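Here are the chains, one letter per residue:
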Amino acid sequence: IVLAFTYWPLSSSFVSGSDLFAIGFALIYAVWGFSHILAIAFNRQVALIASVLVSFLSFLCSGLKPTAIDVMESFNGYGKLFLLLSPIRWSMSHWLYRYVTGKGSTFMENFVFDHVSGIFNTRGYNIDVLTCPNYEGRIIDRWRDKKGLVCHSGQLFLLGFLFRFLAFVCLLVVTRSKVSGGQLPIGTSSSMRSRLLRDA
């Protein structure tokens, strides 16, 4: 609400106030979901430091610089997981879509389009393709083809739900470990790993 009623009137953005509120709410929903995982899995100090590191990592994997293709090709191709798990990437892709297609936007006019299309393409956002919804294969394949725009915030809510599910699993594991005196409930008998989980 603060974002929608303070940033939006001052930004002169083509994104409507309701869309900006939806994007901000979905972003916070996803970020808090991951914060639940950190709060459950680690102690207070480690969770605080980890949350800062995860925030920086989310920005680095947003696909602007380095580009989405560079991120996807890193770590022997597993970098695409960082891209898919970045709430910043999803929210920014949706925000750019609303910005380009918003009421009063001039990006699709011939003179403006010729000047900005190259800038968008180098960042992985081909504004020639504004089909919504777009079912041309997997989302990671579309991002690889520089079709990075996302037309709704449903993926962000789904990401937040996934984070909360993982947080629930962490809660079950940690609770079972503490109740059983530190023994992991996954079949291992390593006292060191059990002790680490118990102390966390």
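Residues numbered from 1 in each chain as written. Predicted model: local features only at pLDDT ≥ 70, side-chain atom pairs only at ≥ 80, totals over all residues. Heavy atoms only, no water.

Draft legend 1. The overall build of the protein, seen in detail. Helix and strand content of the protein: 10 helices and 0 strands. Along the protein, helices and strands appear, N-terminal first, in the series α-α-α-α-α-α-α-α-α-α. When burial is assessed residue by residue, the protein has 34% of its 200 residues classed as buried. Sequence-distant contacts in the protein: of pairs separated by 6 or more residues, those separated by 24 or more amount to 59%. Surface accessibility of the protein: about 12,200 Å² in total, with carbon and sulfur atoms responsible for 68%. (Helix = DSSP H or I, 4+ residues; strand = E, 2+ residues; numbered from the N terminus. Buried < 20%, exposed > 50% of the residue type's maximum accessible area, 1.4 Å probe, protein only. Contact = heavy atoms within 4.5 Å. Areas by Shrake-Rupley, 256 points an atom, 1.4 Å probe, with all protein chains shown as cover.)

Draft legend 2. Up close: the nonpolar core. Judged by nonpolar contacts, the single largest core of 17 residues is most densely connected at Met72, Leu83, Trp90, Ile140, Trp143 and Leu156. Contributing elements (two or more residues each) for this core: helix H2 (17-41), helix H4 (68-73), helix H8 (139-144) and helix H9 (154-179). In terms of residue count, the dominant contributor to this core is H9 (4 residues). Sequence-distant contacts of Ile140, that is, excluding residues within four places in its chain, are made with Met72, Lys80, Leu83 and Leu84. (Core = buried A, V, L, I, M, F, W, Y, C linked by side-chain atoms within 4.5 Å.)

Draft legend 3. The side chain of Ser62, seen in detail. For Ser62, the position within the fold is in the loop between helix H3 (44-60) and H4. Residue classification places Ser62 among the buried residues on the basis of a relative accessible area of 5%.

Draft legend 4. Main features of the packing of aromatic side chains. Scanning the entire structure with this criterion turns up 5 aromatic pairs. Aromatic pair Tyr29 and Phe157: ring centres 5.6 Å apart, planes at 50°, arrangement tilted. Placement of Tyr29 in helix H2 and of Phe157 in helix H9 is noted, with a sequence separation of 128 residues between them. For Tyr29, a relative accessible area of 25% puts it in the partly exposed group. Measuring from centroid to centroid gives 5.1 Å for Phe34 and Phe163, while their planes differ by 80°, and the two rings are edge-to-face. Here Phe34, found in helix H2, pairs with Phe163, found in helix H9; they are 129 residues apart in sequence, far enough to count as distant. Members of the aromatic cluster, each reached through a chain of ring pairs, are Phe21, Phe25, Tyr29 and Phe157. Directly above the ring of Tyr29 sits Arg164, whose terminal nitrogen or CZ lies 3.8 Å from the centroid. (Phe/Tyr/Trp six-rings, centres within 6.5 Å; stacked < 30°, edge-to-face > 60°. Lys NZ or Arg CZ within 6 Å of the ring centre and 35° of its normal.)

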